[in-house]
Amino acid sequence: MGEIARKFEKLRKEVPESIRIVLAVKKRSPEEVLEVIEAGAADLGENYVQEAETMIQALGKNAKRVNWHMIGGVQTNKINKMIGLFDCIQTVSSIEKAEAFHKRLERENKIMPVLIEVNIGEESSKQGIMPEYEEIEKLAVKITQMKYLKLEGVMTMGPVSENPEDHRYSFRKTREFFDRLKTLKLENSDIRWLSMGMSDSYKIALEEGATMIRPGSLLFGKRQ
Ligand SMILES: *Cc1c(COP(=O)(O)O)cnc(C)c1O
């Protein structure tokens, strides 16, 4: 067994079964990605449409063994391609983007699970809706009125920091938004995924209630 497969198995054993592990595979080779698929990974995340397309083509029928999550920023001109490649869009951050997806999904008669990305650190370099509950609720309600979108939760990146412990406050705030949305019991939704925590912060994210984590370099090593 390869090093990547071994690390995946170790992580899968360490993290409760109910937690979904979405592996961030940006900049990895198809061989590395195939190794985690063979090791039983069920969910992979890509940041760029073009990279996802190249990866999925390279993997051929093996690509169908996993769910593909869009975890990067949405460019409106790539939405047609995105809905053909991905099984979940984690980065819906505005009503305009939700509508753009919905229009194309309706044409394809395809229902897409989506998460709302919250820019919890209010960083100008990041996408995501600002962390104001009323705005987030408004977006959530709008999404649930679009029948080809299925709202399944909330995603956040958390501000860049050397110290993983700094993420705790951001994760806690995101969890509060997630919990409030859940109590609305909105129709046409199934709010259960709180996607937060990367290689250096997933343990803190789990302590703060994440139900979905997104490690990458923990398994694959540092990116070039
Ligand atoms: C790259 C990336 C990750 C994983 O980061 P690592 O530090 O490699 O664990 C998770 N989520 C998103 C949105 C990313 O872009």
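Structural data are supplied above this passage.
In this text, all values refer to a predicted model and were calculated from it rather than measured experimentally.

Asker: Would you explain the side chain of Arg20 in this entry?
Answerer: Structurally, the position occupied by Arg20 is in strand β1 (residues 20–24). Side chain to side chain, Arg20 and Asp43 meet in a polar contact 2.9 Å long. Ignoring anything within four residues of it in the chain, the contact list for Arg20 reads Asp43, Asn67, His69, Trp193, Thr211, Met212 and Ile213.

Asker: Just checking my understanding: could you explain the site of the ligand for this structure?
Answerer: The ligand sits among 13 residues. The nearest are Lys26, Asn47, Ser199, Ser217 and Arg223. Between the ligand and Asn47, the relevant distance is 2.7 Å, taken from an oxygen atom to a side-chain nitrogen or oxygen of the residue. The side chain of Arg214 places a nitrogen or oxygen atom 2.9 Å from a nitrogen atom of the ligand. Out of a free accessible area of 390 Å², the ligand has 92% covered by protein chains.

Asker: Mind showing me how you'd approach the pattern of salt bridges here?
Answerer: Where charged atoms from two side chains of opposite charge come close, those side chains can pair. The tally for this structure, following the rule as stated, stands at 14 salt bridges. Glu3 is paired through a salt bridge with Arg6; the nearest N and O atoms lie 3.0 Å apart. Remark: Arg6 and Glu3 occur in helix α1 (residues 3–14); sequence separation between them is 3 residues, near one turn of the helix. For Glu207, the salt bridge goes to Arg168, with nearest N and O atoms at 2.8 Å. Highlighted residues: Glu207 in helix α8 (residues 202–207) and Arg168 in helix α7 (residues 167–183), separated in sequence by 39 residues. For Glu207, a relative accessible area of 54% translates into the label exposed. Arg168 sits in the buried class, given a relative accessible area of 18%. Here the salt bridges share partners, and the residues they tie into one network are Glu165, Arg168, Arg172, Glu207 and Glu208.

Asker: Help me out: how do you make sense of the packing of α1 against helix α2 (residues 30–38) in this one?
Answerer: A pair of packed helices is characterised by two quantities: the angle between their axes and the separation of those axes. Close contact between α1 and α2 brings their axes to 8 Å; oriented N to C, the two are set at 40°. By the criterion of interaxial angle, the relationship of α1 to α2 is oblique. As α1 packs across α2, the resulting crossing turns out to be right-handed. In this structure, α1 uses Glu3, Ile4, Ala5 and Phe8 to contact α2, whose residues at the interface are Glu32, Glu35 and Val36. Grouping the constituent residues of the contact of α1 with α2 by class yields 4 nonpolar, no polar and 3 charged.

Asker: Help me understand the pairing of strand β4 (residues 88–92), please; the structure alone is not making it clear to me.
Answerer: Look at any regular strand and the pattern is simple: side chains alternate between the two faces of the sheet. Along β4, 5 of the 5 residues are buried, which leaves the element largely enclosed by surrounding structure. In this structure, strand β3 (residues 67–70) lies alongside β4, joined through 2 bridges in parallel fashion. If you follow Met70 over to β4, its bridge partner there is Ile89. As defined by bridge partners, β4 adjoins strand β5 (residues 112–118) across 2 bridges and the pair is classed as parallel. Bridged to Ile89 within β5 is Val114. With respect to chirality, the unit in which β4 leads through helix α5 (residues 95–108) into the neighbouring parallel β5 is right-handed.

Asker: It is not clear to me how empty space enclosed by the protein should be interpreted in this structure. Could you clarify?
Answerer: Over the atoms rolls a probe the size of a water molecule, and in doing so it shows where empty space is left. One pass over the structure, following the stated rule, counts 1 cavity of 30 Å³ or more. Taken as a whole, the largest cavity holds about 40 Å³ of empty space. Considering the residues around the largest cavity, the lining is formed by Glu117, Val118, Asn119, Ile120, Gly121, Glu123, Lys126, Gln127, Thr156, Met157, Gly158 and Pro159. Classifying every residue of the lining of the largest cavity by side-chain character gives 4 nonpolar, 5 polar and 3 charged.

Criteria and cut-off values
- Starting from 1, residues in each chain are numbered consecutively following that chain's sequence as written.
- The model is predicted, so local features are restricted to residues of pLDDT at least 70 and side-chain atom pairs to those at 80 or more, both for listing and for counting; the totals for chains, interfaces and linings are taken over all residues.
- The side-chain figures draw on all heavy atoms in the structure; neither hydrogens nor water molecules are used.
- Here a strand is any run of E in DSSP of at least two residues, a helix any run of H or I of at least four, and the numbering for each starts at the N terminus.
- Each polar contact in these results corresponds to two N or O atoms within 3.5 Å; when the atoms are within protein, one needs to be able to donate a hydrogen and the other to accept it, and residues that are neighboring in sequence are counted only if both atoms are side-chain atoms.
- Here, residues are in contact when the closest pair of their heavy atoms is within 4.5 Å.
- Each residue is tested against the molecule or strand, and it is near if at least one of its non-hydrogen atoms lies within 4 Å.
- Accessible surface area values rest on a Shrake-Rupley calculation with a 1.4 Å probe, where residue burial reflects the displayed protein chains alone.
- One speaks of a salt bridge when a side-chain nitrogen belonging to Lys or Arg is within 4 Å of a carboxyl oxygen belonging to Asp or Glu.
- Think of it in three bands: with a 1.4 Å probe and only protein chains considered, a residue is buried below 20% of the maximum accessible area for its type, exposed above 50%, and partly exposed in between.
- The angle between two axes is taken between their N-to-C directions and runs from 0 to 180 degrees, where each axis is a line fitted to C-alpha atoms and a helix contributes only its stretch in contact.
- Angle categories are assigned with fixed cut-offs, so that under 35 degrees is roughly parallel, over 145 is roughly antiparallel, 65 to 115 is roughly perpendicular, and the rest are oblique.
- When the near helix sits turned anticlockwise from the far one by under a right angle, the crossing is termed left-handed; a clockwise turn instead gives a right-handed crossing.
- For this classification, Asp, Glu, Lys and Arg are treated as charged, while Ala, Val, Leu, Ile, Met, Phe, Trp, Tyr, Cys and Pro are nonpolar and the rest, including Gly, are polar.
- DSSP calls a pair of strands paired once it identifies at least 2 bridges connecting them.
- A clockwise course of the path from the first strand over the helix to the second, judged with the strands pointing away from the viewer, identifies a crossover as right-handed.
- Buried and open spaces are told apart on a 1 Å grid over the protein atoms alone, a cavity being a set of points where a 1.4 Å probe fits but cannot get out and a pocket being an open set with protein on both sides within 12 Å along at least five of seven lines. Residues with an atom within 4 Å of a point are the lining residues.
- Grid points are joined across faces, edges and corners, and a volume is the space filled by probe spheres set on the points.

Don't take any of this as a statement about function, it's just geometry.
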